[in-house]
Amino acid sequence: MLGCGNSTLSEDMYDDGYKNIVNIDYSPVVIERMHARNHNRPEMQWLVMDVRNLKFEDASFDVALTKDPPQQVIDDCTKEVDEVLRVLRKGSGTFLYLTFGQPHFRRRYLARQQTTLEIQQIGDAFHYYLYILRN
């Protein structure tokens, strides 16, 4: 979970059966609080890290997920996408990007050679967009 913040999304996923979740956020305070709040979910990891400089080996994840990224990433998410594609397994990795950001703003940062990009609009009154990038 990239930029996990204090969202319950990874907790909900864990409770639904997805146990191996690595949560990162650039705020040490958030990570400390979330780690304490989730002491009963031992398989979850909580790490202080910037999504634009991931400290993981290449091809070490199957899926990466982010939702409503912070403003400094929204302005130009090129580095985030570069880093996520680097740590995803080649040929089978999936990046799920959920945001209010409309396709005419986001597509240029997400569309890459040797990847496929699917965009789904979610919601009726207020639209979210789910970008699914596969490498």
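Residues numbered from 1 in each chain as written. Predicted model: local features only at pLDDT ≥ 70, side-chain atom pairs only at ≥ 80, totals over all residues. Heavy atoms only, no water.

Draft legend 1. Local environment of the pairing of strand β5 (residues 116-122). Judged from the seven bridges that link them, β5 and strand β6 (residues 128-134) form a sheet pairing that is antiparallel. Among the inter-strand pairings, Ile119 is bridged to a residue of β6, identified as Tyr131. Between β5 and β6, which pair antiparallel in sequence order, lie five residues; one of them, Gly123, sits at a positive phi of approximately 105°. (Pairing = 2+ DSSP bridges. Helix = DSSP H or I, 4+ residues; strand = E, 2+ residues; numbered from the N terminus.)

Draft legend 2. Quick look at the packing of aromatic side chains. Applying the stated criterion across every chain, the model contains four aromatic pairs. Each ring, one from Phe95 and one from Tyr97, has its centre 5.7 Å from the other, and the planes form 85°; the classification is edge-to-face. Here the two residues Phe95 and Tyr97 agree in accessibility, since each one is buried. Judged by centre distance (5.9 Å) and plane angle (75°), the rings of Tyr97 and Tyr131 are edge-to-face. Linking Tyr97 in strand β4 (residues 94-99) with Tyr131 in strand β6, this pair joins segments that are 34 residues apart in sequence. The same class applies to Tyr97 as to Tyr131, namely buried. Ring pairing ties together the aromatic residues Phe95, Tyr97 and Tyr131, which thus form one cluster. A cation over an aromatic ring shows up here: Lys19 above the ring of Tyr14, its NZ or CZ 4.1 Å from the ring centre. (Phe/Tyr/Trp six-rings, centres within 6.5 Å; stacked < 30°, edge-to-face > 60°. Buried < 20%, exposed > 50% of the residue type's maximum accessible area, 1.4 Å probe, protein only. Lys NZ or Arg CZ within 6 Å of the ring centre and 35° of its normal.)

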